[in-house]
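Structure at a glance
Here are the chains, one letter per residue:
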Amino acid sequence: MSVYSGVAVIVQARLNSSRLPRKALLNLCGKPLLAYTLAAMREIPAERYILACDRASAADFAPIADQFHYTLISGSETDVLGRFCSVIKQFESSLRPITTIIRATGDNPFLFTEAAEASVKRFVERGEPDYFTYTGLPHGSGVEILKAKSLLTAERLTKDAYDHEHVGPALYRHTDTFICIKETAPMRWYAPHLRTTVDTQEDFNCAELMMHYLQQEKSAMPPSAAEIMKACRYAGRIAVFVPSVQEGQGSGHLRRACNLIQELSPQLRCALYLRGSTQPQFVQDIIKKAGTIEIVNEIPEQTCAFILDNFRTSAAEVQQLKKSAPVIALDEGGEGRAFADYLIDILPRLPDSRLPDPSGGSLPQASSGTVAASSGNRTADRVDHTSAHSELDEALRANRTEVGFIALPHKRKREDALKKYEKNGKYFFPIENAKLLIVCGGEDAAQMGIPLAHTFADLGAEVSVVEPSERNYSQQKMNLYVYPYLENLRDRLCEWDIVITHYGFTAFEALAAGCAVILVSPTDYHYQLGVNAGFSTMPAGIPSAQDFKALFKAGIGIPSIITPQSQEKSLAAFILKLSAATAHRCPLC
């Protein structure tokens, strides 16, 4: 037979659904749910397109059937097998009776049209059995191919209520009478773990997320199978960001989380996890500036990965998160470092395996009975005393170290901008004419900015300082400007010759902008980090004017770890790759 001759698309639907009443008419992004099914099945070559509903639903469905050029035929609400058979019987005496049925249900708005058309071809290639379907498609994306005369036979043979309610079982539950083939779908469509049907309110909420994603991607309608699977994964997975929001730990962690969420959101659902109902003012300000970000204070069920950017995290905290999803840790400085599923060091850290604790000391070295983790699959294993140190070192080693993941400025000084100050690899600026910016973090917890600004202003430099506690811009001296906040600071750094800051993102951004950098240190740990990375770094505390004079006389060293020629690598793209593979403890394995 021809693929088209005698073929009828029959979509079944009803309004009296117990779990989600009137779901077929629910507004899904501007259209009734049923409309998407009818439109998708219109893509399948057939002679007839029929909407088979129960009698009580016919009046409500008539306009939709007419819009998509379907013949509306009503029948029994509970005996759907009988409803299909009555459709077949209506065309029995016509010149072209129905011989083959492509069956779909009206609560499946994301049908794989390519797979449906391929099913008809496989039905023919397999000798036109009584029943054919692909298995392994997402639940709600497949169709069934049924031989019309076999359904008429099944109606006479079975009295089983389940057979009559669900149509297909009347054939494939009776293989002694009927030839039924369930063939594994080709790999490009095989995704049995995905769900696209709409049976509950939760399913409908998921369908809305999927449709919003498809509209955002400007997908053609009906969408392809590949696009549907992407939308399904988008709706079913949430990357949860857990940044440090404690006062005194800086704002860089939260800013990075917000930036990553904005970059990832078109491809991956993201949420910001904040414990408690109230947050410090700097947290509220950053989130407000970031725009639309979903905030949760409970872990969503759909969490596919945690992105932990928490300064220092305890082992217990990391292990608790891992009960829900893999943990990707960024620049983790606490004992939880050894237990993350995937560990990324972006800012260079100290080579010593000892980690500082929040009180300023260090975590103890491993001893007999210590639980450590390897950085390969980072699986916790108990180690003996002789191997404790090497095992801990291995546990603390990052899976990837990449300073290129720092968000770098687009605007930069020209390559030779500071050349006139360079001599023998160091830079000598006349302090009385230096144009410098002081920025000691998003909250300046150590309150270093203003004292430093006055010191340099008194030395004659032209000073700009970002002081978050100030609410308005002010000019305190002829050469001292105070800003509460500098919009798009990263791309404004190139306006200054020297940037004075803590060890952190701003220091590396300033290098890329082509500035000289001087680091001040709120703690001895910051001092060690700065020296280790090659910066000109002042010891812990607020330096005196004499300290700075000595540094300017000795020359400022500019590390080459990042330069104005450095190209940024996408941390968001790497996180997206990690979040897509969560079946193993190590998301990349």
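Refer to the structure above for everything that follows.
Quick look at the structure, then. (Residues numbered from 1 in each chain as written. Predicted model: local features only at pLDDT ≥ 70, side-chain atom pairs only at ≥ 80, totals over all residues. Heavy atoms only, no water.)

1. Description of the overall build of the protein
What the protein contains, in helices and strands, is 18 helices and 28 strands. For 589 residues, the compact-globule formula gives about 25 Å, and the C-alpha radius of gyration of the protein, at 33 Å, lies well above that figure. In the protein, which comprises 589 residues, the proportion classed as buried is 53%. Within the protein, contacts between residues at least 6 apart in sequence are counted, and of these 63% link residues at least 24 apart. As presented, the protein carries roughly 26,300 Å² of accessible surface, and 49% of it is formed by carbon and sulfur atoms. With 61 positive and 66 negative side-chain charges, the protein shows a spacing of 3 Å between the two charge centroids. (Helix = DSSP H or I, 4+ residues; strand = E, 2+ residues; numbered from the N terminus. Rg over C-alpha atoms; globule rule 2.2 N^0.38 Å. Buried < 20%, exposed > 50% of the residue type's maximum accessible area, 1.4 Å probe, protein only. Contact = heavy atoms within 4.5 Å. Areas by Shrake-Rupley, 256 points an atom, 1.4 Å probe, with all protein chains shown as cover. Lys, Arg positive; Asp, Glu negative; His and termini not counted. Charge placed at Lys NZ, Arg CZ, Asp CG, Glu CD.)

2. Here we look at the side chain of T196
Its place among the elements puts T196 in the loop between β9 (180-184) and α8 (201-216). Overall, the relative accessible area of 2% leaves T196 in the buried class. One polar contact links the side chain of T196 to the main-chain carbonyl oxygen of G140, over a distance of 3.4 Å. Those residues within four positions of T196 in sequence are excluded, and the remaining contacts are P109, F110, P138, H139, G140, S141, M210, I228 and C232. (Polar contact = N/O pair within 3.5 Å; in protein donor to acceptor, adjacent residues only side chain to side chain.)

3. What about the layout of surface pockets?
Quantified by volume, the second largest pocket comes out at close to 1,200 Å³. Looking at the second largest pocket, it is lined by 38 residues, and the ones nearest its centre are R103, T105, D107, N108 and H166. A breakdown of the residues in the lining of the second largest pocket according to their chemical character gives eleven nonpolar, 16 polar and eleven charged. (1 Å grid on protein atoms, 1.4 Å probe; cavity = no way out; pocket = protein on both sides within 12 Å on 5 of 7 lines; lining within 4 Å. Points joined across faces, edges and corners; volume = space filled by probe spheres on them. Nonpolar A, V, L, I, M, F, W, Y, C, P; charged D, E, K, R; others polar.)

4. Considering the sheet that holds strand β21 (residues 435-439)
Pairing between the strands of a sheet is mediated by backbone hydrogen bonds and can be parallel or antiparallel. Overall, mixed pairing links the seven strands, which are arranged β23-β24-β22-β21-β25-β26-β27 in an open sheet. For this open sheet the edge positions go to β23 (474-477) and β27 (536-540), each flanked by a neighbour on one side alone. Sheet twist, expressed as the mean angle between neighbouring strand axes with direction ignored, is 20 degrees. Note: β21 against strand β25 (residues 498-501), four bridges, orientation parallel. When the bridges of β25 are listed, V439 appears paired with T501. Helix-sheet contacts for helix α14 (residues 449-458) involve β21, β22 (462-466), β23, β24 (480-483), β25 and β26 (516-521), and the interaxial angle to β22 is about 175 degrees. (Pairing = 2+ DSSP bridges. Axes fitted to C-alpha atoms, helices over the stretch in contact; angles between N-to-C directions.)

5. Describing the sheet that holds strand β20 (residues 426-427)
Taken together, the three strands give an open sheet; going across it, the order is β19-β20-β28, and neighbouring strands pair in antiparallel fashion. The strands lining the two open edges of the sheet, one partner per strand, are β19 (422-423) and β28 (556-557). One ladder, built from two bridges, connects β19 with β20; its direction is antiparallel. Following the sheet pairing, E422 is matched in β20 by Y427.

6. Some thoughts on the environment of V143
Along the chain, V143 turns up in the loop between β7 (131-135) and β8 (144-147). For the pair V143 and F112, spaced 31 residues apart in the sequence, the C-alpha separation amounts to 8.5 Å. The residues touching V143, leaving out its near neighbours within four places in the chain, are M41, I102, R103, A104, L111, A116, S119 and T133.

7. Quick word on the pairing of strand β6 (residues 100-105)
Counting buried positions over the six residues of β6 gives six, a clear majority of the element. Here β6 shows a buried face lined by T100, I102 and A104 and a second buried face lined by I101, R103 and T105. Direction of pairing for strand β1 (residues 7-13) relative to β6: parallel, over a ladder of six bridges. Looking at β6, one finds that V7 is bridged to T100. Pairing analysis gives four bridges linking β6 to β8, with the strands arranged antiparallel. Note on β8: the bridge partner recorded for T100 is K147.

8. Here we look at helix α9 (residues 225-236)
Spacing of three or four residues puts side chains on the same side of an α-helix, whose turn is 3.6 residues. For α9, spanning twelve residues, the distance from its first C-alpha to its last is 16 Å, which sits close to the expected 16 Å at 1.5 Å a residue. Against the buried residues of α9 lie α4 (113-125), α8 and β11 (269-273). (Expected span 1.5 Å × (residues − 1).)

9. Quick notes on the packing of aromatic side chains
For the coordinates displayed, the defined rule picks out 13 aromatic pairs. Across from the ring centre of Y70, 5.8 Å away, lies the NZ or CZ of R42, which sits over that ring. (Phe/Tyr/Trp six-rings, centres within 6.5 Å; stacked < 30°, edge-to-face > 60°. Lys NZ or Arg CZ within 6 Å of the ring centre and 35° of its normal.)

10. Concerning the state of the cysteines
Across all of its chains, the model carries zero disulfides by this definition. Looking at C53, it has no disulfide partner, and the nearest cysteine sulfur is the one in C85, 16 Å off. The exposure class of C53 is buried, given its relative accessible area of 0%. Looking at the unpaired C232, the closest cysteine sulfur is the one in C206, lying at 5.6 Å. (Disulfide = S-S within 2.5 Å.)

11. A short note on the nonpolar core
Counting residues in hydrophobic clusters, the biggest one holds 64 residues, and the most contacted among them are F241, L272, I344, I406, F508 and F535. For this core, the element with the most residues is helix α15 (residues 505-513), which contributes seven residues. Among all residues touching L272, those that are not within four sequence positions of it are F241, P243, L254, A257, C258, I261, I287, I293, E294, I295 and V296. Core analysis: the second largest hydrophobic core is formed by 60 residues, C53, I64, Y134 and I145 among them. (Core = buried A, V, L, I, M, F, W, Y, C linked by side-chain atoms within 4.5 Å.)

12. A short note on helix α16 (residues 524-533)
Taken together, the buried positions of α16 are H526, L529, G530 and A533. Down the axis of α16, the buried set is contained in an arc of 95 degrees. They therefore lie on one face. For α16, the elements touching its buried residues are β26 and β27. (Arc of directions from axis to C-beta.)

13. What to know about the pairing of strand β5 (residues 71-75)
Looking along a regular strand, one sees side chains alternate from face to face of the sheet. Sheet analysis places strand β4 (residues 48-54) next to β5, joined by five bridges and oriented parallel. Looking at β5, one finds that L51 is bridged to L72.

14. Topic: the packing of α14 against helix α17 (residues 545-554)
Two elements in contact, α14 and α17, have axes separated by 10 Å at closest approach and are oriented at 65 degrees. α14 and α17 meet at a crossing whose hand is right-handed. Of the residues in α17, those in contact with L452, T455 and F456 of α14 are A545, F548 and F552. A per-class count over the contact of α14 with α17 returns five nonpolar, one polar and no charged. (Left-handed = near helix turned anticlockwise from the far one by under 90°.)

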